Amino acid sequence: MELQKMGSEVGTERFNGTIPDSDKAAVLEDGYEEEERISAEQDGFLPNAASKKFSQFTDFEGKTSFGMSVFNLSNAIMGSGILGLAYAMRNTGITLFVILLICIALLSSYSIHLLLKCAGVVGIRAYEQLGLKAFGHGGKVVAAVIISIHNIGAMSSYLFIVKSELPLVIQTFLGLTANNGEWYMNEQILIVVVSISVILPLALMKHLGYLGYTSGLSLTCMCFFLTSVIYKKFQIPCPFNDTVVVNSTMESSHDTCSAETFPLNSQTAYAIPILAFAFVCHPEVLPIYTELRRPSKRRMQNVANVSILAMFSMYLLTAIFGYLTFYGNVEAEMLHTYIRVDPLDKLILCVRLAVLLAVTLTVPVVLFPIRRAIQQLLFPKKDFSWIRHVVIAFCLLFIVNLLVIFVPNIKDIFGVIGATSAPSLIFILPSIFYIRIIPNEKEPLRSRPKIQAACFAALGFIFMVMSLTFIIVDWVTTGKSSGVNH
């Protein structure tokens, strides 16, 4: 009833001329909100706007600009997986890699379209509440659990980069040849220090929109990483000089300096999970939509499209220039390949610092959807509380720190979590929510949009089964863990 009451208020204001002309233009330009308002009234989701108030979907007015929203969503898309894209291209070839990257980007945009359309019809901008509307309390619990598991895995992967890279960067800066046992070289202590001094204060922000500036800084760091990758392509010769290259796996052969078109090997199957996980941002879409200034489906879809296009371009350039620098010698984490070529390279040292800063600033953005999921699950009718807000953030960081510190290798866990949660968030949940939430009177089950959504969900199931099968087969046949992190 609260949602309904808020609902007609904004509608009355928007269509009785009590809001700025710019807002009216946004609504008229979109043409979608009025259509969904009428549809929602017909389906009993909202009362008559003539006597009551219209839904703004949130308890505060969105103030985040279009540009800041793009920064936040781009930062949510950008993950540690960017360091493995050149390795994915090595195992697929340039042609197949580009085709796969284009397909995944388009599918991600379509998936966001399904989420936004569901949110527009029922007046809800929370992933978990869409689950509640579609399948009752069970759907809400499933959505909240999947979001929490996936984002905790993502946060852990970011902090694992900090854990592995920060001590080495400090060691290089101090000119040390080995770890001397000082506290500032202890990776466990460094993880706690970074979490308390940088991540926790940002995670305590009340609204996600406030992180737009740190997201912009994070993306700037990754742009510096991309620029350095392009620059190094023209600085590192191929075939490699044996006196410089210290990695025994790098061979000084002209055969290693040619790009393959369609290579097939045991690692080719992992390219699709790497690419798919690189575009997972769906838990953050609806919170960002909630805080968008002058929100509309079209405006938020444009935010998503711009963000996906920007990350697509960055991913493609990183993969191509990284691969064309090292060809068959590129490692699963590209920075390690540069380090092995020249451990004292100052530019690469700066790049490592930039990547560390970028992943550290991404953790608070990923934490917001988990906290929202917990609040929706455990405190759905409670007003905002600073105590609860702070306690949830602290507990989440505490759990992630425990994972990163005490689990020596959670690569296998990430592989299983990623193979199940990422297809669910990208393919399965948006599709089945769409089929259940969009009224049959408006779009029958046999209509083209719902058939497309059903096929999309089926594709997600196939992808999930395929990923898990490849991971298990790799464990059994090689005895080596293979996992993919967003």
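Quick caveat: nothing in here was measured; it's all calculated off a predicted structure. Counting restarts for each chain, with residues numbered from 1 along the sequence as it is written. Given that the model is predicted, a residue must reach a pLDDT of at least 70 before its local features are reported, and side-chain atom pairs must reach 80 or more before they are shown or counted; all residues, however, enter totals for whole chains, interfaces and linings. Remark: hydrogens and water are excluded; side-chain values derive from all non-hydrogen atoms of the structure.

The next thing to look at is the overall build of the protein. Across its full length, the protein carries 18 helices and zero strands. Here the term buried applies to any residue with accessible area under 20% of the maximum for its type, exposed to any over 50%, and partly exposed to those in between, with areas from a 1.4 Å probe on protein chains only. Every one of the 486 residues in the protein was classed for burial, and the buried ones make up 55%. Of the contacts formed within the protein by residues at least 6 apart in sequence, a portion of 83% connects residues at least 24 apart. As presented, the protein carries roughly 21100 Å² of accessible surface, and 64% of it is formed by carbon and sulfur atoms. A run of H or I in DSSP counts as a helix once it spans at least four residues, and a run of E counts as a strand once it spans at least two, with each numbered from the N terminus. Residue contacts are counted whenever heavy atoms from the two residues lie within 4.5 Å of one another. Accessible surface is estimated by sampling points in the Shrake-Rupley manner with a 1.4 Å probe; for residues, cover comes only from the protein chains shown.

Right, let's talk about a nonpolar patch on the surface for a bit. Candidate patch residues must exceed 30% relative accessible area and have no salt bridge, after which like charges are joined if within 9 Å and Val, Leu, Ile, Met, Phe, Trp or Tyr side chains if within 5 Å. Salt bridge, as used here: a side-chain nitrogen of Lys or Arg that lies within 4 Å of a carboxyl oxygen of Asp or Glu. On the surface, Phe394, Phe398, Ile399, Leu402 and Phe406 cluster together into a nonpolar patch covering about 530 Å² of accessible area. By the element assignment, leucine 402 lies in helix α16 (residues 386-406). A relative accessible area of 35% means that leucine 402 is categorised as partly exposed.

Attention now moves to the state of the cysteines. Two cysteine sulfurs form what is called a disulfide whenever their separation falls within 2.5 Å. Inspection of every chain in the model, using the stated rule, returns zero disulfides. The thiol of cysteine 221 is unpaired, and the distance to the nearest cysteine sulfur, on cysteine 223, comes to 9.2 Å.

Moving on to the packing of aromatic side chains. Here a Phe, Tyr or Trp ring, Trp counted by its six-membered ring, pairs with any other such ring whose centre lies within 6.5 Å, and the pair is stacked when the planes are under 30 degrees apart, edge-to-face when over 60, and tilted otherwise. Inspection of the entire model under this criterion finds 11 aromatic pairs. Between the aromatic rings of tyrosine 110 and phenylalanine 456, the centroid separation amounts to 5.0 Å while the plane-to-plane angle is 90°, which identifies the pairing as edge-to-face. Pair noted here: tyrosine 110 is in helix α6 (residues 94-122) and phenylalanine 456 is in helix α18 (residues 448-478), with a separation of 346 residues, a long-range link. Here the aromatic residues Tyr110, Phe427, Phe456 and Phe463 are joined through ring pairs into a cluster of three or more. Lysine and arginine charges are scored as sitting over a ring when NZ or CZ, respectively, is within 6 Å of the ring centre and within 35 degrees of the ring normal. Directly above the ring of phenylalanine 234 sits lysine 233, whose terminal nitrogen or CZ lies 5.6 Å from the centroid. Directly above the ring of phenylalanine 379 sits arginine 388, whose terminal nitrogen or CZ lies 4.9 Å from the centroid.

Quick look at unusual backbone geometry now. The residue arginine 294 is not glycine, and still its phi comes out positive at about 50°. Mapped onto the elements, arginine 294 comes out in the loop between α12 (282-290) and α13 (297-326). In the Ramachandran plot, tyrosine 327 falls in the positive-phi region, its phi being about 50° despite a non-glycine side chain. Tracing the backbone shows tyrosine 327 in the loop between α13 and α14 (334-341).

Per-residue confidence from the prediction method is given by pLDDT, with values spanning 0 to 100. Chain-level statistics for the protein give a pLDDT mean of 78 and a share of 78% at 70 or above. The spread of mean pLDDT over the elements of the protein runs between helix α3 (residues 32-42), the lowest at 41, and α13, the highest at 93. In this model residues 1-59 is a low-confidence stretch, pLDDT under 50, and it forms 95 contacts with partners more than four residues away in sequence or in other chains.

Moving on to the nonpolar core. For our purposes a nonpolar core is just a set of buried Ala, Val, Leu, Ile, Met, Phe, Trp, Tyr and Cys residues, chained together by side-chain atoms within 4.5 Å. Ranked by internal contacts, the top residues of the largest apolar core, which has 131 residues, are Phe225 and Tyr315. Counting residues per element, this core draws most heavily on helix α15 (residues 346-378), which supplies 16 residues. Look past the residues within four positions of phenylalanine 225 in its chain and what remains in contact with it is Ile82, Leu83, Thr318, Met334, Leu335, Val351 and Val355.

Among the nine residues in α12, nine count as buried, and that is most of the element. Burial in α12 covers these residues: His282, Pro283, Glu284, Val285, Leu286, Pro287, Ile288, Tyr289 and Thr290.

Quick look at the side chain of glutamine 301 now. Along the chain, glutamine 301 falls in helix α13. For glutamine 301, a relative accessible area of 11% corresponds to the buried category. Excluding residues that lie within four positions of it along the chain, glutamine 301 makes contacts with Ser109, Ile112, His113 and Leu116.

Bringing the packing of helix α5 (residues 85-92) against α13 into the picture now. For the pair α5 and α13, interaxial distance at closest approach is 8 Å and the crossing angle is 65°. Between α5 and α13, the crossing angle belongs to the class labelled roughly perpendicular. As α5 runs across α13, the sense of the crossing is right-handed. Taking contact as the criterion, the partners of Leu85, Ala86, Met89 and Arg90 in α5 are, on α13, Tyr315, Ala319, Ile320, Gly322 and Tyr323. Every axis corresponds to a line fitted to the C-alpha atoms, with the helix fit spanning only the stretch in contact, and the corresponding angles, defined between N-to-C directions, vary from 0 to 180 degrees. For classification, angles of less than 35 degrees are called roughly parallel, those exceeding 145 degrees roughly antiparallel, those between 65 and 115 degrees roughly perpendicular, and all remaining angles oblique. Each crossing gets its handedness from the near helix: less than a right angle anticlockwise from the far helix is left-handed, clockwise is right-handed.

Before going further, it helps to spend a moment on the pattern of salt bridges. In total, this model carries four salt bridges according to the counting rule given. Between arginine 352 and glutamate 165 there is a salt bridge, with its nearest N and O atoms 2.9 Å apart. Here the residue arginine 352 occupies a position in helix α15, and glutamate 165 occupies one in helix α8 (residues 137-173), the gap between them amounting to 187 residues. With respect to class, arginine 352 is no different from glutamate 165; both count as buried. Two residues, lysine 232 and aspartate 345, come together in a salt bridge whose shortest N-O distance is 2.4 Å. Here the residue lysine 232 occupies a position in helix α10 (residues 212-233), and aspartate 345 occupies one in the loop between α14 and α15, the gap between them amounting to 113 residues. Judged by relative accessible area, lysine 232 falls into the buried class, the value being 10%. Exposure remark for aspartate 345: the relative accessible area of 14% places this residue in the buried category.

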